[in-house]
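One-letter residues, chain by chain:
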Amino acid sequence: MDGIHDLGGRQGFGKVRHSPTAEAFHEDWEKRVNALYSLAVRLGIFNMDEYRHAIERMEPRHYLSASYYERSLTSLATLCVEKGIVPREELEARAGGLFPLALPSAPGRTNSAQRERFAAGDRVRVTTDHVPGHVRMPAYIRGKTGVVVSESPAYPFPDAHAHGVEAADEPTYDVRFSTSELWPNAADAAFVHVGVFQSYLQRLA
Amino acid sequence: MSDPGLAFRSTASVEQRVDAIEAAFDARGLEPAAFIDQAMRMAEEEWVPQRGAQVVAKAWTDPAFRQRLLASGRDAVAELGITMPRHHRHLVVLENTPTLHNVICCTLCSCTAFTVIGLPPDWYKDLEYRARVVRESRTVLREMGLDLPADVEIRVWDTTADTRYMVLPHRPPHTAGWSEDALASIVTKDAMIGVARL
C-alpha cells in the first residue's frame, strides 16, 4: 500500500534529532511492548510481516504522531484482536479507555508469475505495481532502473506472508540505484542499495 | 461516581494499554512476565554494541576472519557466539575505506541487526532519518557531525527485507599495534550504522 509509513525520499522533514549517546528505550513500558510483541511472534500468534503491515495500517494521523513503541503496541493489539486472541472490548475495559487499533487489511497477493533469476551486473527495472496490501518495495524505487549486485537467501514473500496467502519463498536482490535515477537533479550524489524481492523486478534488455 | 460510558470516551494512556495487553496475556496463561524479564535482560546484556565492536576488532586484526565476515556475516559472527533471529537469514557486512562510506537505514520501518550492533537508537527510528538519509545522505551526515570529503563515495543501504547490514568501519591509522580489546573499546554503534567514522 502507498501508506504514510513509506517515508524514503519524502521532503519537509527537519534535522535528525541525533545524540551519540541516544538510547533505544526511554520508558519502562517500551521495553515491555518490545518483549510482548516478540512473545506473540514466538507463540505463532502472528509473523513479522503481519506485524509490520499492522503498523502500516494505522490511521495516518495516528501513525505520524505515535512514537515507535506506540506503533509496536498498536500493531500487537490489532493483531491480537483480529486473530481472536483478545476481544477489543476486553482490552478497552482493562485499559480503562479507548484503545486505538489499525484499520482493516486489504487483500494480499502471491508471487509474480514471471520471476527470473538474476546475476550480478544485470540491469533491472522495478515493476510499477500498485498493491492495496503489504509490500516491501519502497515507492521511491517504483519503475526505476538499477544494477544487481548480489542475491540473498530465499525469504517468505511479504505481500503474501502478511496476509495468509500461499506463496513460495523467493530471494531478494541487492539492487544498486543512483540517486540521480531516483530523484533527478534533486538529491545528494550517492548510491542507494535496496533489497528488492524477485517478484518486483524485470530484466532490462 | 462518574458515568462509566463517559470514561470510555478518552484514549487510555500507552502505559494503561500495555498493562491491558500484558494482563490479557497473563489471563490466558501465556506467562508474559517471565518473558518480559528475560527480554529486558537480553536488551541490557546481549543486544548491545559491544558485541559488534568485538566483531569489528577481530576483523581488523585477523585477515582470515575478515574474509569470512565479508563472505558470510551470519556464520562469522556465530564464531564469536553472536546469534541472529531465525528470520534474519543473511548478514551483509559493508566495509568502509578512505574513499568509500556506507550507511544503513530502514525507510519503511526500523529494521536493524540488533543482536550484533545493538538495539537501534531513537533517532534511527524517527521520521527524519528514515525520510531523508536515502535522498540527502551527504547533507544528513554533515548535520550529524560527519562532514565527508567530496571524493568519498556514499552508499546508503535500505533494509527493506530481512537481510541485515552492519558497517565495518575503517580502522584509524593511529591504532597500529593495539590489542583486540583496546580496538573494540573505540567502536561505537554510530560507526556500525555509518553515521560516524572513527
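Predicted model only: the values in this text are computed from it and were never measured.

Rules and cut-offs
- Residues numbered from 1 in each chain as written.
- Chains lettered and ligands numbered in written order.
- Predicted model: local features only at pLDDT ≥ 70, side-chain atom pairs only at ≥ 80, totals over all residues.
- Helix = DSSP H or I, 4+ residues; strand = E, 2+ residues; numbered from the N terminus.
- Rg over C-alpha atoms; globule rule 2.2 N^0.38 Å.
- Buried ≥ 20, exposed ≤ 12 C-beta atoms within 10 Å, placed from the backbone.
- Contact = placed C-beta atoms within 7 Å.
- Axes fitted to C-alpha atoms, helices over the stretch in contact; angles between N-to-C directions.
- Left-handed = near helix turned anticlockwise from the far one by under 90°.
- Nonpolar A, V, L, I, M, F, W, Y, C, P; charged D, E, K, R; others polar.
- Pairing = 2+ DSSP bridges.
- pLDDT = per-residue confidence, 0-100.

Let us now look at the overall build of chain B. The helix and strand inventory of chain B stands at 12 helices and 4 strands. Taken over C-alpha atoms, the radius of gyration comes to 21 Å for chain B, far larger than the 16 Å a tight globule of 198 residues would show. Dimensions of chain B, computed from the C-alpha atoms along their principal axes, are close to 70 × 35 × 30 Å. When the 198 residues of chain B are sorted by exposure, 48% land in the buried category. For chain B, contacts bridging at least 24 residues in sequence account for 72% of all contacts bridging at least 6.

In the contact formed by helix α1 (residues 28-42) of chain A and helix α2 (residues 14-27) of chain B, the axes pass within 10 Å of each other and the chain directions differ by 40°. Regarding α1(A) and α2(B), the two cross each other, and that crossing is left-handed. For the pair formed by α1(A) and α2(B), the contact residues are W29(A), R32(A), V33(A) and L36(A) on the first element and V14(B), E15(B), V18(B), I21(B), E22(B) and F25(B) on the second. Here the contact of α1(A) with α2(B) is built from residues that sort into 7 nonpolar, no polar and 3 charged.

A separate point is the sheet that holds strand β4 (residues 191-197) of chain A. Across the sheet, 7 strands lie side by side as β5(A)-β1(A)-β2(A)-β3(A)-β4(A)-β3(B)-β2(B); this open sheet has mixed pairing. The sheet is open, and its two edges are formed by β5 (201-203) of chain A together with β2 (100-105) of chain B, each paired on a single side. Ignoring which end each strand starts from, the neighbouring axes of this sheet average 35° apart. Pairing analysis gives 6 bridges linking β2(B) to strand β3 (residues 153-158) of chain B, with the strands arranged parallel. Bridging from a neighbouring strand, L100(B) pairs with E153(B) of β3(B).

Moving on to the interface of chain A and chain B. In this complex, chain A contributes 64 residues to the contact, which on the side of chain B involves 62 residues. Those elements that place two or more of their residues in the side of chain A that touches chain B are α1, α2 (48-56), α4 (68-82), α5 (88-95), β2 (145-155) and β4 of chain A. Across the side of chain A that touches chain B, the residue classes tally to 36 nonpolar, 14 polar and 14 charged. As judged from the 4 bridges shared by β4(A) and β3(B), these two strands associate in the parallel manner. Each residue of the ladder has a partner; that of H193(A), found in β3(B), is W157(B).

So, on to the pairing of β4(A). Residue and element names in this part refer to chain A. Within β4, 7 of the 7 residues are buried, which leaves the element mostly enclosed by the surrounding structure. Burial along β4 is two-sided: F191, H193, G195 and F197 and V192, V194 and V196, pointing in opposite directions, are all buried. Two elements, strand β3 (residues 170-178) and β4, share 7 bridges in a ladder whose sense is antiparallel. Within β4, the residue paired with S178 across the bridge is F191.

For N185(A), which is not glycine, the phi torsion reads 55° and is therefore positive. Mapped onto the elements, N185(A) comes out in the loop between α7 (179-182) and β4. Overall, the presence of 5 C-beta atoms within 10 Å leaves N185(A) in the exposed class. Unusually for a residue other than glycine, E31(B) sits at a positive phi of about 50°. Residue position: E31(B) is located in the loop between α2 and α3 (32-45). By the C-beta count within 10 Å, which is 11 here, E31(B) ends up exposed.

Mean pLDDT over chain B: 95, with 96% of residues reaching 70 or higher. In the predicted complex, the global pTM is 0.96; the interface-specific ipTM is 0.97.

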